[in-house]
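Analysis of the macromolecular model
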Amino acid sequence: MAQAMHGQSSPPPISLFSTDGRPHPVQDTLMVVTLVLGAVAFVTAFFHDLHLLSSWAGLIGIGTGLYGQFISATTRERFALIIGLGASAIGFMLGMAHGGLFGGWLG
């Protein structure tokens, strides 16, 4: 019942990144990087000639998204990371199908 003695502090009404009232600069940075890389990988995956960009952006987006999930602190961060991870994975897989990470440079 120790929780009953301390008032529950509610998060600010408009909070874009943190729902616990504390700053999370590393997690927020990983979240934004994952979302940007996921968007780049997803959009460029639909163009066959951009398979190098989509596969590398997707691979790096998957890595940053997985590490961001590992250290995330709030549900909002996890939600955005899952969106970025999904877009990165789709972009990575389509980029691999269109020519791969090296695109004929290695053989």
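For the structure, see preceding data.
Residues numbered from 1 in each chain as written. Predicted model: local features only at pLDDT ≥ 70, side-chain atom pairs only at ≥ 80, totals over all residues. Heavy atoms only, no water.

1. What about the environment of Gln69?
- Among the structural elements, Gln69 can be located in helix α3 (residues 51–71).
- With 12 residues separating them in the primary sequence, Gln69 and Leu81 have C-alpha atoms 6.7 Å apart.
- Ignoring anything within four residues of it in the chain, the contact list for Gln69 reads Arg78, Leu81, Ile82 and Leu85. (Helix = DSSP H or I, 4+ residues; strand = E, 2+ residues; numbered from the N terminus. Contact = heavy atoms within 4.5 Å.)

2. Details of the packing of aromatic side chains
- Going through the model one piece at a time under the given rule, you end up with 3 aromatic pairs.
- With a centroid separation of 5.8 Å and 75° between ring planes, the pair formed by Trp56 and Phe102 is classed as edge-to-face. Here Trp56 is found in helix α3, whereas its partner Phe102 is found in the segment after α4 (75–98), with 46 residues between them in sequence.
- For Trp56, a relative accessible area of 33% corresponds to the partly exposed category.
- Centre to centre, the rings of Tyr67 and Phe70 are 6.5 Å apart; their planes meet at 35°, and the pair counts as tilted. Of this pair, Tyr67 and Phe70 both sit in helix α3, separated by 3 residues, roughly a single helical turn.
- The exposure class assigned to Tyr67 is partly exposed, which follows from its relative accessible area of 45%. (Phe/Tyr/Trp six-rings, centres within 6.5 Å; stacked < 30°, edge-to-face > 60°. Buried < 20%, exposed > 50% of the residue type's maximum accessible area, 1.4 Å probe, protein only.)

3. Remarks on the environment of Gly91
- For Gly91, the position within the fold is in helix α4.
- Sequence-wise, Gly91 and Gly38 are 53 residues apart; in three dimensions their C-alpha atoms are separated by 7.2 Å.
- Not counting chain neighbours up to four residues away, the residues in contact with Gly91 comprise Ala41, Phe42, Ala45, Ser54 and Ser55.

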